[in-house]
Each structure stands twice: as C-alpha cells, then as structure tokens.
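Here are the chains, one letter per residue:
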Amino acid sequence: MDLQNAFVLHRRPFKESSLLIDFFTINDGKISLVGRAGRGRKNSQSAILQPFTLLNIAYAGKGGLKSMRQVEAVSNSLPLSGRHLYASFYLNELLYRLLASEQANPELFSHYQNALLALAKQQPLEPLLREFEFNLMQCLGYIGALSYCADTMDAVFPDRMYKYVPHVGIVPSIYKVAVDSSFLGKDLLAFEQRQFNQENLAAAKRFCRQMLLPYLGNKPLKSRELFINKPLKSRELFINKGMKRE
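Just so it is clear, the model here is predicted, and its values are computed rather than measured. Within every chain, residues take consecutive numbers counted from 1 along the sequence as written. Thresholds applied to this predicted model are a pLDDT of at least 70 for local features of residues and 80 or more for the giving and counting of side-chain atom pairs; totals over whole chains, interfaces and linings are not thresholded and use all residues. Hydrogen atoms and water are omitted, and side-chain values are computed over all heavy atoms in the structure.

Participant: Outline the packing of helix 3 (residues 106-120) against helix 4 (residues 125-139), supporting the account with residue identities and numerical values.
Facilitator: Fitting a line to C-alpha atoms yields each axis, with helices limited to the stretch in contact; the angle taken between N-to-C directions then spans 0 to 180 degrees. The way it works is that DSSP assigns letters per residue, a run of H or I at least four long becomes a helix, a run of E at least two long becomes a strand, and they are numbered from the N terminus. Close contact between helix 3 and helix 4 brings their axes to 10 Å; oriented N to C, the two are set at 170 degrees. Considering the angle they form, helix 3 stands roughly antiparallel to helix 4. Residue-level inspection shows Glu107, Leu108, His111, Tyr112, Ala115, Ala118 and Leu119 of helix 3 in contact with helix 4, the latter providing Leu125, Leu128, Phe132, Asn135, Leu136 and Cys139. Under this grouping Gly is polar, as are all residues other than the nonpolar Ala, Val, Leu, Ile, Met, Phe, Trp, Tyr, Cys and Pro and the charged Asp, Glu, Lys and Arg. Residue composition of the contact of helix 3 with helix 4, by class: ten nonpolar, two polar and one charged. Roughly parallel refers to an angle under 35 degrees, roughly antiparallel to one over 145, roughly perpendicular to one between 65 and 115, and oblique to any angle outside these ranges. In what follows, residue pairs with any heavy atoms lying within 4.5 Å of each other are defined as contacts.

Participant: Please set out the pattern of salt bridges residue by residue, giving values where relevant.
Facilitator: One speaks of a salt bridge when a side-chain nitrogen belonging to Lys or Arg is within 4 Å of a carboxyl oxygen belonging to Asp or Glu. Taken as a whole and judged by the stated rule, the model has four salt bridges. Among the ionic pairs, Arg12 bridges to Asp22, the shortest N-O distance being 2.8 Å. With Arg12 in strand 1 (residues 4-14) and Asp22 in strand 2 (residues 18-25), the pair connects residues that are ten residues apart, well separated along the chain. Take Arg12 and Asp22: they sit in the same class, and that class is buried. Close ionic contact of Glu126 with Arg130 constitutes a salt bridge, the shortest N to O distance being 2.4 Å. With Glu126 and Arg130 both in helix 4, this residue pair falls four residues apart, about one helical turn. Remark: exposure states derive from per-residue accessible area (1.4 Å probe, protein chains only) relative to the maximum for the residue type, with buried under 20%, exposed over 50%, and partly exposed in between. Glu126 sits in the partly exposed class, given a relative accessible area of 27%. Connected through salt bridges with shared partners, the residues Glu126, Arg130 and Glu133 form a single ionic network.

Participant: Go over the packing of helix 5 (residues 185-192) against helix 6 (residues 201-216), please, and point to the residues and values.
Facilitator: Running from N to C, helix 5 and helix 6 cross one another at 75 degrees; their axes reach a closest spacing of 10 Å. Taken together, the axes of helix 5 and helix 6 are roughly perpendicular relative to one another. Residues Asp187, Leu188 and Phe191 of helix 5 form the contact with helix 6, whose own contacting residues are Ala203, Ala204 and Phe207. Split into classes, the residues belonging to the contact of helix 5 with helix 6 amount to five nonpolar, no polar and one charged.

Participant: Tell me about empty space enclosed by the protein, residues and numbers included.
Facilitator: Only protein atoms enter the 1 Å grid used here, on which a cavity is any set of points holding a 1.4 Å probe that cannot leave and a pocket is any open set flanked by protein within 12 Å on both sides along at least five of seven lines; residues with an atom within 4 Å of a point are listed as lining. Grid points are joined across faces, edges and corners, and a volume is the space filled by probe spheres set on the points. A full pass over the atoms with the stated rule returns one cavity of 30 Å³ or more. Each pocket or cavity is described by its volume, and for the largest cavity that value is around 40 Å³. In terms of lining, the largest cavity is formed by Phe134, Gln138, Ile143, Gly144, Leu146, Glu192 and Arg194.

Participant: So what's going on with the pairing of strand 4 (residues 55-60)? Residues and values would help.
Facilitator: Sheet topology places strand 1 next to strand 4; three bridges connect them, and they run antiparallel. Directly across from Asn5, in strand 4, lies its bridge partner Asn56. One bridge is not enough; two strands pair if DSSP finds at least two bridges between them. Relative to strand 5 (residues 66-73), strand 4 runs antiparallel, the two being bridged by six bridges. Among the inter-strand pairings, Ile57 is bridged to a residue of strand 5, identified as Val71.

Participant: Any chance you could break down the nonpolar core for me, citing the residues and the numbers?
Facilitator: Judged by nonpolar contacts, the single largest core of 54 residues is most densely connected at Leu91, Leu95, Tyr112, Phe132, Leu188, Phe191 and Phe207. Going through the elements one at a time, strand 1, helix 2 (82-98), helix 3, helix 4, strand 6 (161-165), helix 5 and helix 6 are the ones with two or more residues in this core. Residue contributions to this core peak at nine residues, all from helix 2. For Phe207, the residues in contact, after removing those within four places along its chain, are Phe134, Ile143, Leu146, Tyr164, Ile170, Phe183, Leu188 and Phe191. Think of a nonpolar core as a cluster: buried Ala, Val, Leu, Ile, Met, Phe, Trp, Tyr and Cys residues, connected wherever their side-chain atoms sit within 4.5 Å. Counting residues in each nonpolar core, the second largest holds twelve residues, with Val8, Leu19, Ile21 and Ile57 among its members.

Now the structure itself:
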C-alpha cells in the first residue's frame, strides 16, 4: 500500500461504527473512503481524521467506495480560529462540491495547502480567499486567461470595460463604467497576476461570485452562513452535519 498526502474535506457516520470520509489527496484527487476504525472519541484514528490536518493515507478496493487501510498524521492540526476557521471550511466546501472524483490535481492540492497555512497565520482574509478562488477555477479548467478577449483574442486594455461570460471568458462590455456584470481592464489584468488591493478587492469578490455561480448552482454554501449567523460551536457540528451528500 502506497501512502500519500491527504486532507479530510468531510466526514459523516456510516453504518454502525464506521465513518464515510471524503479526502482531497495529492495523487488521486477527491476520494471517498470507509474508515472502519470506529467513531468513538478515544479511538486514535478517529481523533486524527479531522479537517486541516495533513495526513498520510493508504486505501484499497475497487469501485466508487473504497476502504481506508492506514492513516497517520504528518503534522498537528492547523491552529485556525474565528473567521479564518470559517474561511477554511469555505475552502473545503468549494472542493467538496466542485471536484470530480478521483481526478488528480497536485497543483490545486499545493494551492489548498498554502491557503490553509496562510489562514493559520491569520493573513488578510479577502485577498487570500480571492487568490484561492481564482487558482481553483484555473486548475479545474473553468477559466482561461484574463488578459485577452475570448471571442476576438484581442488584448485586454487597462482603461476599457469588459465582462465575464461563463463557459466563454472575457469579452468587451457595452458599458463605459463598472456595473455588476462589467469590470475594468486593469482589474482583470491584476486578477490574472493575483494582485489584490483595496481598490480592486470588491470587484474581485464580485467577479469570483459570477465565476463560481454556474458550477455551484443555487444551493447555498453552508460555510457562508457561518460568517453571518451565530458563532460556530464546534468543528464536529459542521463536519458531520453541515455538508450532507445529496
């Protein structure tokens, strides 16, 4: 059995004494495994099967549901708290909902790990989230270059207005000023370089919402509710109940 790096995205009870765990792995992408280690708090394997802990795992089996054979913690769980903890759950929910099963994406795995480390260091939240969202959509092939128009291949000019069309890309906008569906060229060029500042952060957030909507659909993100509702009581509340499989 070959061990590989992995993070827990989501876990929930399975049958009488097992767990059904969704991992994001460096070699195999998102996989669902049955852990037969039991769910008790005193169980050592169950205790380390928590989000935001870098693990080494090995599994076996064929088909869509395989069995976990080995798990060990590579490091301690990252010290996340407050809004940065909520943001970490947001990253997990994006991956849980957008990743196809068993499609390797080591570049995205690296972006995710780096984002978690930055969140643990309490780095500014908005630029960090926007960078991950752009990296995520680029790694999944859902967005192309922002420096030229998808329909004409003309370069994007800093002082002109453009709009983002899902499944197409950047095209010229009929508007001369920024509105909900249009963006200034200089902002698009900054987004492509992952350069976020106080002047373009609002536009970056608006762009990311438009970019993600066709792939997330109208189903609300549970993690977004954490930012506006009462404080999170425990990780288990979200891990086991917040993201239910359809």
